[in-house]
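Residue strings, one per chain:
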Amino acid sequence: MTDYANLGHELFESQKPRHVLSLSGGKDSAALAIYMRDRVPEMEYIFHDTDKELPETYDFLARLEAILGKPIVKTSPTDTFDHWLSVYGGMLPSNHRRWCTRMLKLKPFENYIGDGPVINYVGLRADENRTGYISTKPNIKAVYPFQEDGLVRADIIRILEESSLGLPPYMAWGRSRSGCYFCFYQQKIEWVRLKERHPDLFERAKEYEERSLGFGEQFYWCRSESLAELERPERVEEIKRNWEASEAKKRASRKNLALVETLGGLEAEDDSHLRDGCLVCSL
């Protein structure tokens, strides 16, 4: 097991580094914070607050802060989402133009870090095939404790349950990821559930779509259809039926898995669709 508290001497020759762990409001970064709490007492915990988060995210972080016994610093950007939306000419972010991640997450992170040496802790699990945030700044060194120690999804859930924190509360109503309530990486069933759980936030997301037309661009959060189309009762029922059929198919396929595959970390909730999402937002 790596001695992270004394790792700085190996990574940086001249200066003692700061230890920084970014929290997204998701299960993996929260579990990593708890996992590292006693191993690196001088850890700094930060959260990049976009001001467009779900209320459940703020509640989850407040409870985590009590467990950690240290404040979680909010690195809120000076300029808001609406400011940058105006700068980008009303062009809403998408998976092909993720200025939201760059301006509201990565830029505030690097501003907070500054130019001194930093070890940045990232909550990638051993059962994931994606890469973590890699800064171009030479003073930031990323480390991946879960991957180094072989921890998988079942371990993360165990850490959260044993700490009494539990899973993020938005997962109880079917949201699979942290991040902005209008995140374009959501599945359509998640938009349906957002409308049912937070109709006011759904309406705000719909307003952003409608306003984008005023800038001469037809853009939908869901790519193929507008939220106005998605919220039609018959369409909502269709999305629910399609989702239920898909879940039934997944459950049936899991029954045919070898025992070793099942024990290897495949859970009842398949979060593989998150791998193409924004790592900074969804951990």
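The coordinates are above.
The text that follows walks through the structure, step by step, so that each part is easy to find. Since the model is a prediction, treat every value here as computed from it, not as a measurement.

Here we look at the sheet that holds strand E4 (residues 118–121)
Sheet strands pair via backbone hydrogen bonds, and the direction of the pair is either parallel or antiparallel.
And step 1. Pairing is parallel across the open sheet formed by five strands, whose spatial order is E3-E2-E1-E4-E5. Taken across any chain shown, the strands that pair with only one partner, and hence form the sheet edges, are strand E3 (72–74) and strand E5 (140–143). On average, adjacent strands in this sheet sit at an angle of 35° to one another, irrespective of strand direction.
And step 2. Sheet analysis places strand E2 (residues 44–47) next to E3, joined by three bridges and oriented parallel. For Tyr45, the partnering residue across the bridge sits in E3 and is Ile72.
And step 3. This element, helix H2 (residues 27–36), spans strand E1 (18–23), E2 and E4 of the sheet and lies at about 150° to E1.
And step 4. Relative to the sheet, helix H3 (residues 55–68) contacts E1, E2 and E3, its axis offset from that of E3 by approximately 140°.

With respect to the pairing of E2
And step 1. Summarising the sheet, E1 and E2 pair through four bridges and their orientation is parallel. In the strand pairing of E2, Leu21 is matched with Tyr45.
And step 2. Chirality of the crossover, the property in question, places the unit of E1, H2 and E2 among those that are right-handed.

Observations regarding unusual backbone geometry
Residues apart from glycine generally show negative phi values, whereas peptide bonds are mostly found in trans.
And step 1. Unlike most non-glycine residues, Asp51 shows phi in positive territory, near 70°.
And step 2. Within the element layout of this structure, Asp51 appears in the loop between E2 and H3.
And step 3. Residue Asp51 is classed as exposed on the basis of its relative accessible area of 58%.
And step 4. In the Ramachandran plot, Arg223 falls in the positive-phi region, its phi being about 70° despite a non-glycine side chain.
And step 5. Take Arg223: it is sitting in the loop between helix H9 (199–212) and helix H10 (227–230).

Section: the packing of aromatic side chains
And step 1. By the definition in use, this model includes 14 aromatic pairs.
And step 2. Seen in terms of ring centroids, Trp84 and Tyr88 are 6.4 Å apart; in terms of plane orientation they differ by 50°. Their pairing is tilted.
And step 3. Over the face of the ring belonging to Trp243 we find Arg193, whose NZ or CZ atom lies 4.2 Å from the ring centre.
And step 4. Above the face of the Tyr208 ring, Arg211 is positioned so that its terminal group lies 4.8 Å from the ring centre.

Conventions used here
Residues numbered from 1 in each chain as written. Predicted model: local features only at pLDDT ≥ 70, side-chain atom pairs only at ≥ 80, totals over all residues. Heavy atoms only, no water. Pairing = 2+ DSSP bridges. Helix = DSSP H or I, 4+ residues; strand = E, 2+ residues; numbered from the N terminus. Axes fitted to C-alpha atoms, helices over the stretch in contact; angles between N-to-C directions. Contact = heavy atoms within 4.5 Å. Right-handed = clockwise from strand over helix to strand, strands pointing away. Buried < 20%, exposed > 50% of the residue type's maximum accessible area, 1.4 Å probe, protein only. Phe/Tyr/Trp six-rings, centres within 6.5 Å; stacked < 30°, edge-to-face > 60°. Lys NZ or Arg CZ within 6 Å of the ring centre and 35° of its normal.

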